[in-house]
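Working through the structure, step by step
Listed below are the residues making up each chain.
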Amino acid sequence: MSESNAPYSGALEGSNAKRGLWSSRLAFILAATGSAVGLGNIWKFPYVTGENGGGAFVLVYLLCIAAIGLPIMMAEVLIGRRGGHSPVNSLKAIVRHDKLNPAWWIVGAIGVVAGFLILSFYSVIGGWAVSYVGTAASGQLTGQSADAIGTIFSDLLGDPATLLMWHTLFMGLVMLVVAKGVRSGLERAVSILMPALFLLLLIVVGYAMTTGEFGRAMTFLFQPDFSKLTTSGILVALGHAFFTLSLGMAVMMAYGSYLPKNVSIAKTSIAVCVIDTGVALLAGLAIFPIVFANGLEPGAGPGLIFQTLPLAFGQMPMGSLFGTLFFVLLIFAAWTSGISLLEPIVEWLEEQKGMNRTISTLGAGFVCWALGIASILSLNLWSDFAPLGWIGMLEGKTIFDLLDFFTANILLPLGGLLVAILAGWVMSRKAMEEELSLSEPMFRLWYVTVRYITPVAVGAVFVYNLFGS
Ligand code: PHE
């Protein structure tokens, strides 16, 4: 690359100027929120909360967001802004400038690998949402019993051809935007659709309040019962914090590289974390009253929202309309996240391999799509196939479960751990102070967190889970 000998700060300004910056702080918040808010908030948060017993799990998750997720998000945005390139090249620029060990580009590489793996199954779940638009719009949900709604869902899972069709459509949507270059239109779409999704969630919460089980759902979500919390539950909470905030795979680094210098990294990161957490908690409040009112199982697994929300839409006035709208908006939320999963891979192919954007998108998208077929088959023909079942904690996990487990609970926290070490121990403290421009006590709080708290917490959860009893 031509800039390989350019001084770091020169490369920084030069390249940012060439790539164009976000139009404003709001634009960055919108793009980062578009990445963060997705299936993780509405599909995954409720079902992992249900599987892990509720309140105590939610508390650990909130702690992980505030004490680990937020500081790491700040570190990622900071590294991206300082580097001014795609993640792999930003890291290379920083390594060159600060004369660090070249192996640090591994952080960007983790992002590329995690992006492939996550998008492959993410698109399959996105496909479920696509399928439910038709189900809701055709009025099939109206007045149905919990059993009938359950059957609609299991019929979908049992039909690989239909799943493949929706997975293909979802992946096509993601590729379309990435091939055209991400930012055109994305900001505007998020600024309209995200508030709309929020509003619809509020409507469902409003309905859920009338079911009579709202109090029970509140207790379930917010009254910690630590006897229900397991060590693996703590790992899931930590992993989910990374997943839901799009951390540990350099997405925020990529977006941070477009952030203008004068914007506060702390304030924007806090905004993204608060919005993301707010959407997840609202989804929980929408779903659990319906679970309890209909005698469903909170630990039902990945199908939870597809077995509960349709019940609500089937019973509330104008349910077909609201249901259709809801699933359309869910697709948009998943779409903007899917784009952010594919984007780092495509940028990397462009910059490293000199491929053009369309070819990179087609190539990377095709690999994710093909990998997604394994997840589709895990739901039906291969549902009993647990390739790593001989390892205690992976017992009974299908390929789909393994992809989810390995990316969210291992790869992302590992990526985050490396980011924390890089920011806390390797890069110069002065550079950090300069980028963050916080008051002294706030800076110290952040610094101590990335230097000690994050590495120790992530390390402890890892050791305990992976090597413990
Ligand atoms: N944060 C997204 C969600 O919650 C998923 C995601 C993870 C996106 C990692 C990008 C990177 O749905």
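So, here's what we can say about the structure. (Residues numbered from 1 in each chain as written. Predicted model: local features only at pLDDT ≥ 70, side-chain atom pairs only at ≥ 80, totals over all residues. Heavy atoms only, no water.)

1. Thoughts on the overall build of the protein
Helices and strands together make up the secondary structure of the protein, namely 19 helices and zero strands. Against the globule reference of 23 Å for 469 residues, the protein gives a C-alpha radius of gyration of 22 Å, in line with a compact fold. Reported as C-alpha extents along the three principal axes, the dimensions of the protein are approximately 65 × 45 × 45 Å. Considering only contacts in the protein between residues 6 or more positions apart, those separated by 24 or more positions represent 81%. Surface summary for the protein: the accessible area is close to 17,700 Å², and the carbon and sulfur share equals 67%. Separation of charge centres in the protein, based on 23 positive and 25 negative side chains, amounts to 13 Å. (Helix = DSSP H or I, 4+ residues; strand = E, 2+ residues; numbered from the N terminus. Rg over C-alpha atoms; globule rule 2.2 N^0.38 Å. Contact = heavy atoms within 4.5 Å. Areas by Shrake-Rupley, 256 points an atom, 1.4 Å probe, with all protein chains shown as cover. Lys, Arg positive; Asp, Glu negative; His and termini not counted. Charge placed at Lys NZ, Arg CZ, Asp CG, Glu CD.)

2. A closer look at the environment of Gly80
Secondary-structure assignment places Gly80 in helix α4 (residues 55-83). According to the relative accessible area criterion, Gly80 is buried, its value standing at 0%. On a C-alpha basis, the gap between Gly80 and Thr210 in space is 46 Å, while along the polypeptide they are 130 residues apart. With residues near it in sequence (within four places) discarded, Gly80 still touches His85, Ser90, Met253, Gly256 and Ser257. (Buried < 20%, exposed > 50% of the residue type's maximum accessible area, 1.4 Å probe, protein only.)

3. So, the site of the ligand
Taken together, the neighbourhood of the ligand is formed by 15 residues, with Ala36, Gly40, Tyr122, Phe243 and Ser246 sitting nearest. Backbone polar atom of Ser35 to a nitrogen atom of the ligand: 3.3 Å apart, as the coordinates give it. Measuring from a nitrogen atom of the ligand, one finds a backbone N or O atom of Thr244 at 3.2 Å. Protein contacts shield 100% of the accessible area of the ligand, which totals 330 Å² for the unbound molecule. Residue assignment for the shell around the ligand shows that the elements contributing at least two residues are α2 (25-36), α3 (39-51), α11 (231-244) and α15 (319-353). (Near = heavy atom within 4 Å. Polar contact = N/O pair within 3.5 Å; in protein donor to acceptor, adjacent residues only side chain to side chain.)

4. Some thoughts on the nonpolar core
Judged by nonpolar contacts, the single largest core of 165 residues is most densely connected at Trp128, Phe326 and Trp446. No other element matches the 18 residues that helix α6 (residues 106-137) contributes to this core. Once residues lying within four places of it in the same chain are set aside, the contact partners of Trp128 are Trp43, Phe153, Leu156, Leu157, Leu163, Pro302, Phe306 and Leu379. (Core = buried A, V, L, I, M, F, W, Y, C linked by side-chain atoms within 4.5 Å.)

5. Comments concerning α15
In a regular helix each residue adds 1.5 Å, so 35 residues correspond to 51 Å; α15 covers 50 Å between its end C-alpha atoms and thus fits that length. Of all the bends in α15, the largest measures some 30 degrees and sits at Leu342, one to four residues before the proline Pro344. A large share of α15 lies buried, amounting to 26 of its 35 residues. Of the residues trailing α15, Gly354 is marked for its positive phi of about 65 degrees. (Expected span 1.5 Å × (residues − 1). Bend = angle between axes of the 7 residues up to and from the residue.)

6. Brief notes about the pattern of salt bridges
Close approach of charged atoms lets side chains of opposite charge pair. For the structure shown, the criterion picks out 11 salt bridges. We note a salt bridge from Glu350 to Arg357, for which the minimum N-O separation is 3.3 Å. Here Glu440 makes a salt bridge to Arg429, at a shortest N to O gap of 3.6 Å. Of the two residues, Glu440 sits in helix α19 (residues 440-467) while Arg429 sits in helix α18 (residues 429-436), which places them 11 residues apart along the sequence. (Salt bridge = Lys/Arg side-chain N within 4 Å of Asp/Glu carboxyl O.)

Treat this as a map of the structure, not an account of what it does.
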